[in-house]
Amino acid sequence: VKEDFINCLKKATDLGILVVASTQCHKGSVMMGHYATGKALERAGVVSSNDMTLEAISCKIAYLMGRGDLTKDEIGDLMCVSMRGEVTHSDALPPPPFSSTFQRASRKGRYYY
């Protein structure tokens with residue numbers, strides 16, 4: 001993880017700027033906290049968009065900010081809430097594939113501790 005980039009994101013969120021992480025994959029989702037990068041983004045105050053498309057993220061942020069009665073933190077909390085079916089609830093998403101060295105090794109029948 002590039003510390004300069006994470007520090008830049010942290011400064012932005014400290015200034016009250018909403019920073020949202022999205023996936024580049026056609027399938028899948030942003031899984032904050034499952035990997036080192038996601039944990040660093042979480043610590044920097046970045047909000048997950050789960051499995052929303054870029055179009056859904058843009059529309060949702062525009063709608064929530066356009067209301068005028070929500071804080072940045074409230075908007076961040078609502079990004080994970082499905083309002084019109086734009087995001088899959090995290091409980092319904094499959095677990096991350098091979099999320100650790102131990103899991104990869106144990107699938108091969110080897111154990112690395």
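Because the structure is predicted, anything quoted here is derived from the model rather than measured. (Residues numbered from 1 in each chain as written. Predicted model: local features only at pLDDT ≥ 70, side-chain atom pairs only at ≥ 80, totals over all residues. Heavy atoms only, no water.)

**A word on the overall build of the protein chain**
Reasoning step 1: Within the protein chain one finds five helices and two strands.
Reasoning step 2: The helix and strand sequence of the protein chain, counted from the amino end, reads α-β-α-β-α-α-α.
Reasoning step 3: Each of the 113 residues in the protein chain was classed as buried or not, and the buried ones make up 29%.
Reasoning step 4: Considering only residue pairs separated by 6 or more positions, the protein chain has 58% of its internal contacts joining residues 24 or more positions apart.
Reasoning step 5: Carbon and sulfur atoms make up 55% of the accessible area of the protein chain, which amounts to about 8000 Å² in all. (Helix = DSSP H or I, 4+ residues; strand = E, 2+ residues; numbered from the N terminus. Buried < 20%, exposed > 50% of the residue type's maximum accessible area, 1.4 Å probe, protein only. Contact = heavy atoms within 4.5 Å. Areas by Shrake-Rupley, 256 points an atom, 1.4 Å probe, with all protein chains shown as cover.)

**Some details on the side chain of E86**
Reasoning step 1: Mapped onto the secondary structure, E86 falls in the loop between α4 (72-78) and α5 (101-107).
Reasoning step 2: A polar contact of 2.6 Å, which involves the side chain of E86, links it to the side chain of K60.
Reasoning step 3: Within the structure, the side chain of E86 is placed 3.0 Å from the backbone nitrogen of M83, a separation counted as a polar contact. (Polar contact = N/O pair within 3.5 Å; in protein donor to acceptor, adjacent residues only side chain to side chain.)

**Focus on the pattern of salt bridges**
Reasoning step 1: The final tally for this structure, using the stated rule, is three salt bridges.
Reasoning step 2: Between D14 and K10 there is a salt bridge, and its shortest N-O distance comes to 3.1 Å. Note that D14 and K10 are positioned in helix α1 (residues 3-14) at a spacing of four residues, about one turn of the helix.
Reasoning step 3: Assessed through its relative accessible area of 35%, K10 is described here as partly exposed. (Salt bridge = Lys/Arg side-chain N within 4 Å of Asp/Glu carboxyl O.)

**Focus: α1**
Reasoning step 1: For α1, with twelve residues, the first-to-last C-alpha span of 16 Å sits near the 16 Å given by 1.5 Å per residue.
Reasoning step 2: Residues I6, L9, A12 and T13 constitute the buried set of α1. The arc enclosing the buried residues of α1, seen along the axis, measures out at 120 degrees, which places them on a common side. Within α1, the exposed residues directed more than 90 degrees away from the buried face are D4, K11 and D14.
Reasoning step 3: Those residues of α1 that are buried lie in contact with α2 (36-43) and α4. (Expected span 1.5 Å × (residues − 1). Arc of directions from axis to C-beta.)

**Regarding the nonpolar core**
Reasoning step 1: In terms of nonpolar packing, the biggest core is built from eleven residues, these being I6, L9, A12, V19, A21, V30, M32, A40, L41, A44 and V46.
Reasoning step 2: Listed by contribution, the elements that provide at least two residues to this core are α1 and α2.
Reasoning step 3: With three residues, the single largest contributor to this core is α1.
Reasoning step 4: In this structure, L41 is in contact with I6, L9, A21, M32 and V46, ignoring residues within four places of it in sequence.
Reasoning step 5: Membership of the second largest hydrophobic core comes to ten residues, among which are L18, V47, M79 and V87. (Core = buried A, V, L, I, M, F, W, Y, C linked by side-chain atoms within 4.5 Å.)

**Quick look at the environment of R67**
Reasoning step 1: Here R67 shows up in helix α3 (residues 54-67).
Reasoning step 2: Side-chain polar atoms of R67 contact the side chain of D69, separated by 2.9 Å.

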